[in-house]
Amino acid sequence: MKRIRFGIIGCGNVTEVKSGPGFQKAEHCELVAVMRRDAALAEDYARRHGVPRWYADAGELIGDPDVDAVYIATPPGSHLEYALAVAKAGKPVYVEKPMALSGEECSRMIAACREAQVPLYVAYYRRALPRFLKVKELLEAGAIGDVRYAAMVQYQPAPQAKEGEIPWRLQPELSGGGLFFDLASHTLDLFDFLLGPIAEAKGIASNQQGQYAGIEDIVTATYRFESGVHGIGSWCFSAFAREDRNEIVGSLGKLSFSTFGHEPIRLDTADGTQLFPFEPPQHIQQPLIQTVVNDLLGFGVCASTGESAARTNRVMDELVKGFYSPQS
Ligand SMILES: NC(=O)C1=CN([C@@H]2O[C@H](COP(=O)(O)OP(=O)(O)OC[C@H]3O[C@@H](n4cnc5c(N)ncnc54)[C@H](OP(=O)(O)O)[C@@H]3O)[C@@H](O)[C@H]2O)C=CC1
Ligand SMILES: O=C1CO[C@H](CO)[C@@H](O)[C@@H]1O
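Residues numbered from 1 in each chain as written. Chains lettered and ligands numbered in written order. Predicted model: local features only at pLDDT ≥ 70, side-chain atom pairs only at ≥ 80, totals over all residues. Heavy atoms only, no water.

## Some remarks on the site of ligand 1
By nearness alone, 26 residues border ligand 1, and Asn 13, Arg 36, Arg 37, Tyr 82 and Lys 97 come closest of all. Lys 97 is positioned with one of its backbone polar atoms (N or O) 2.8 Å from an oxygen atom of ligand 1. Contact between ligand 1 and Asp 182: an oxygen atom at 3.4 Å from a side-chain N or O atom of the residue. Bound to the protein, ligand 1 loses 85% of the 900 Å² it would expose on its own. (Near = heavy atom within 4 Å. Polar contact = N/O pair within 3.5 Å; in protein donor to acceptor, adjacent residues only side chain to side chain. Areas by Shrake-Rupley, 256 points an atom, 1.4 Å probe, with all protein chains shown as cover.)

Rendered as structure tokens:
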């Protein structure tokens, strides 16, 4: 059986435990090359993870004839540039989330991959996790009747950074926005997966805390999905504590679940409450990576594509449109 040989551009945190080993654990898949801008750090990563080749130049990794497909795991500010280069080389692209800095950049990535006739996948790995597949299955089985309304709530304390250092997640030219782009993108993508595309979104985004005044640290949103379901979302990144919960309400019941936590899915109906526990996978991206590999080999479908992920970028663009910062 043919194996898909992956190369990775950018080897930071996400590749250490979530995705790098995920490639090595997936079936019919190999991790054959990695790239970091510092050759010594690239070599260190490669040796620690048993990867045979390393580069300090992305072009060399893309051009390596033993690399069949490329995973781009740099901050979003460079996703467009690398995706275009990988597509130009005629190789499939697997890119981290959020897909790019804006919906417009996503459209350029989609167009380039179409023109080169290569597939484009995005690492919204929740689309392949058993927990969310169970939520989707319950919705499709009519467990809560007709879906009416969805609510997404997330808050957490303000980010701590070293004196004089601004993490890339808080620099819009590298991240697209604040932690909203980093974290709410997962939730918005998940609801696109569960309920279909959002047709209309309105948001209020501002900077309340004063730290990093150029980015939103609070966003409240209302939506109408194409299906007619209504939704609300709120994200606050300067709160007293951490919370993350989602609810989907229907004509006959309600599903409650977290995006990041590990508590079981809860189903409330007139008959009472049912809990559905789940086992989190050891390597959280591995199930999605397996669908990417299967899709490339022609015996499966990956549910996280450039088209689906671009919708999330476009919704985020819409929600932060009227960004207000009293400090700037
Ligand atoms: N799906 C998920 O669960 C998660 C996804 N992510 C996503 O993964 C991406 C990376 O995040 P994370 O690993 O936390 O970030 P890190 O800062 O830990 O690592 C980023 C890596 O990219 C390299 N890099 C940065 N800019 C460039 C560039 N212009 N060209 C080449 N390499 C570059 C970095 O530097 P160097 O070259 O020095 O190695 C580093 O290796 C983001 O899009 C993030 O949103 C992150 C965490 C979880
Ligand atoms: O996508 C992500 C998932 O969670 C991390 C935090 O735990 C984020 O920072 C990251 O970018």
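## Some remarks on the pairing of strand S1 (residues 4–9)
In terms of burial, S1 is largely enclosed, as 5 of its 6 residues are buried. Note: S1 against strand S4 (residues 69–72), 4 bridges, orientation parallel. Bridging across to S4, Phe 6 finds its partner in Ala 69. (Buried < 20%, exposed > 50% of the residue type's maximum accessible area, 1.4 Å probe, protein only. Helix = DSSP H or I, 4+ residues; strand = E, 2+ residues; numbered from the N terminus. Pairing = 2+ DSSP bridges.)

## Observations concerning the packing of aromatic side chains
Considering all chains together, one arrives at 10 aromatic pairs under this definition. When the ring of Phe 6 is compared with that of Phe 23, the centres are 4.6 Å apart and the planes differ by 45°; the resulting orientation is tilted. Of this pair, Phe 6 sits in strand S1 while Phe 23 is found in helix H2 (residues 20–25), placing the two residues 17 residues apart along the sequence. In this structure, Phe 6 and Phe 23 share a single accessibility class: buried. Summarising the aromatic geometry, the rings of Phe 23 and Tyr 94 are spaced 6.0 Å apart at their centres and angled 80° between planes, so their arrangement reads as edge-to-face. A residue pair is termed long-range when its members are at least 10 positions apart, and Phe 23 in helix H2 and Tyr 94 in strand S5 (residues 93–95) qualify at 71 residues. Assessed through its relative accessible area of 1%, Tyr 94 is described here as buried. Members of the aromatic cluster, connected to one another through ring pairs, are Phe 6, Phe 23, Tyr 71 and Tyr 94. Stacked on the ring of Phe 193, the Lys or Arg Lys 136 has its end atom at 4.8 Å from the ring centre. (Phe/Tyr/Trp six-rings, centres within 6.5 Å; stacked < 30°, edge-to-face > 60°. Lys NZ or Arg CZ within 6 Å of the ring centre and 35° of its normal.)

## Topic: the site of ligand 2
Every residue lining ligand 2 is accounted for by Lys 18, Lys 97, Arg 169, Asp 182, Leu 183 and His 186. Side-chain polar atom of Lys 97 to an oxygen atom of ligand 2: 2.8 Å apart, as the coordinates give it. Arg 169 is positioned such that a nitrogen or oxygen atom in its side chain is 3.1 Å from an oxygen atom of ligand 2. When ligand 2 sits alone it has 290 Å² of accessible area, and the protein chains cover 64% of it. Taken atom by atom, the bulk of ligand 2 overlaps the largest pocket. Of the residues belonging to the shell around ligand 2, the class tally is 1 nonpolar, 1 polar and 4 charged. (1 Å grid on protein atoms, 1.4 Å probe; cavity = no way out; pocket = protein on both sides within 12 Å on 5 of 7 lines; lining within 4 Å. Sits in = over half its atoms within 2 Å of the grid points. Nonpolar A, V, L, I, M, F, W, Y, C, P; charged D, E, K, R; others polar.)

## Quick look at the sheet that holds strand S10 (residues 230–236)
With respect to topology, 8 strands assemble into an open sheet ordered S8-S9-S10-S7-S11-S12-S13-S14, the strand pairing being mixed. Each of the sheet's edge strands pairs with one partner strand only, and the pair in question is strand S8 (198–206) and strand S14 (272–276). Along the sheet, successive strands turn relative to each other by an average axial angle of 15°, direction set aside. Note that strand S13 (residues 265–269) and S14 share 5 bridges and pair antiparallel. Its bridge partner being in S14, Ile 265 is matched across the sheet by Phe 276. The strands that helix H7 (residues 130–140) touches are strand S7 (147–155), strand S11 (243–250), strand S12 (253–257), S13 and S14; relative to S12, the one it contacts most, it runs at about 175°. Sitting on the sheet, helix H11 (residues 306–319) is in contact with S8 and strand S9 (218–225), with an inclination near 45° to S8. (Axes fitted to C-alpha atoms, helices over the stretch in contact; angles between N-to-C directions. Contact = heavy atoms within 4.5 Å.)

## A word on H7
Taken residue by residue, H7 has Arg 131, Phe 132, Val 135, Lys 136, Leu 138 and Leu 139 as its buried positions. Seen along its axis, H7 keeps its buried residues to an arc of 160°; they face one direction. The inward-facing, buried residues of H7 contact S7, helix H9 (179–195), S11, S12, S13 and S14. Backbone geometry just after H7 places Gly 142 at a positive phi near 80°. (Arc of directions from axis to C-beta.)

None of this, on its own, says anything about what the molecule does.
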